Number of protein chains: 2
Amino acid sequence: MFSNTVEYALRAVAALAEDWERPHAVQKIAERTKMPNDYLAKVMQALCRAGVVRAIRGRHGGYQLAQAPEKLSLLDVINAVDPIKRIERCPLGLAGHGANLCPLHRRLDDAIRETENAFRFTTLGELLQSTGPVRPLCPIEPTGSLINVAL
Amino acid sequence: MFSNTVEYALRAVAALAEDWERPHAVQKIAERTKMPNDYLAKVMQALCRAGVVRAIRGRHGGYQLAQAPEKLSLLDVINAVDPIKRIERCPLGLAGHGANLCPLHRRLDDAIRETENAFRFTTLGELLQSTGPVRPLCPIEPTGSLINVAL
DNA sequence: ATTAAGCTGGACAAAGATGTCCGGTTGAGC
DNA sequence: GCTCAACCGGACATCTTTGTCCAGCTTAAT
């Protein structure tokens, strides 16, 4: 239901969120989140243009979140790379169907709206605070210890 | 959020639902739903293989719903052409993340599950029964009369 | 039997998403 | 001011989705 690019972008910001006041090189993020290095570079550029992350160029540079994790919603991230589009008007361009969607498109748009809201009100900060056996981007070691490596 | 193909499939079955006990030719459906004739042919074949519609071959043939509109859910149609995939396991393949999704993927899967349910419990019959100014596949004529032509 | 309507399915073209490659630019540290 | 790590961005390759074309098969009606 969500594009590959969205999945990548979310993994990347989740990785950045844990230590968001320092820049992280693309290569390091790619290793932690197990995705293609060069493709991630493109995704990060998109996130940067959208203002979700900030780029620090030059040696010891990298990307960092543009704001605190509590200020960034999952929707911000999703919309930066692959915007969720609501159904504003009748896709068939029918006369008289301005804001009045037919029952079919009304149901579709309702579902889209609910999805939008689910992500609008979830921040990166909340993901980090979640309690449970599995942490964001963190595999559980066979021994039971937690290593901060994956989503 | 939904593919073009899903939109087409839903339009097509909505068109069939209004007179579901007779076969309708692909060309007629394509005109009513304003989509490419030859592409619709492929979509109908997929719906047919999935058992959502039935094909009547030969002259005066066409497609008709395989069941009454009350028996067909929007999810049946969606899954026939572009199945909604839940997140069953950690996309990073991390050790220890069997059924335990990390907070990020848990939120994503929750959203997918809610979308699935929204469509699982909506039938084509309900769309037809909806009251409101705009009917499925029906443009409102400037004069105010209803013509059964579009979604 | 012949014809015409209409589905079937393969081949192919166009566009977008995904992924790779690489030379150029920036800026911290020496 | 030199060097090197790291971002920038264009070009290109590949795959999937979307869309088109067409010859062949099936069946109703005559």
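Our structure is the block above this text.
This section reports on the structure supplied with the text. Model, not experiment: these values are computed from the prediction.

**Some words on the packing of helix α4 (residues 74–81) of chain A against helix α5 (residues 103–120) of chain A**
Residues and elements named next belong to chain A.
Argument step 1. Two numbers describe how α4 lies on α5: the axes approach to 6 Å, and their chain directions differ by 120 degrees. Considering their axes alone, α4 and α5 lie oblique with respect to each other. Between α4, through Leu-74, Leu-75 and Ile-78, and α5, the contact on the second element is made entirely by Glu-116, Phe-119 and Arg-120.
Argument step 2. Counted by class, the contact of α4 with α5 contains four nonpolar, no polar and two charged residues.

**Remarks on the packing of aromatic side chains**
All names here are of chain A.
Argument step 1. This model, assessed by the stated rule, comprises four aromatic pairs over all chains.
Argument step 2. Aromatic pair Phe-2 and Phe-119: ring centres 5.6 Å apart, planes at 65 degrees, arrangement edge-to-face. Taken as a pair, Phe-2 in the segment before α1 (4–17) and Phe-119 in helix α5 lie far apart in primary sequence, 117 residues in all.
Argument step 3. Accessibility expressed as a relative area gives 23% for Phe-2, which makes it partly exposed.

**Let's talk about the pairing of strand β1 (residues 53–56) of chain A**
Argument step 1. Two strands pair when backbone bridges link them, and β1 of chain A and strand β2 (residues 62–65) of chain A are joined in this way by four bridges, in the antiparallel orientation. Each residue of the ladder has a partner; that of Ile-56 of chain A, found in β2 of chain A, is Gly-62 of chain A.

Cut-offs and rules
- Residues numbered from 1 in each chain as written.
- Chains lettered and ligands numbered in written order.
- Predicted model: local features only at pLDDT ≥ 70, side-chain atom pairs only at ≥ 80, totals over all residues.
- Heavy atoms only, no water.
- Axes fitted to C-alpha atoms, helices over the stretch in contact; angles between N-to-C directions.
- Helix = DSSP H or I, 4+ residues; strand = E, 2+ residues; numbered from the N terminus.
- Parallel < 35°, antiparallel > 145°, perpendicular 65-115°, else oblique.
- Contact = heavy atoms within 4.5 Å.
- Nonpolar A, V, L, I, M, F, W, Y, C, P; charged D, E, K, R; others polar.
- Phe/Tyr/Trp six-rings, centres within 6.5 Å; stacked < 30°, edge-to-face > 60°.
- Buried < 20%, exposed > 50% of the residue type's maximum accessible area, 1.4 Å probe, protein only.
- Pairing = 2+ DSSP bridges.

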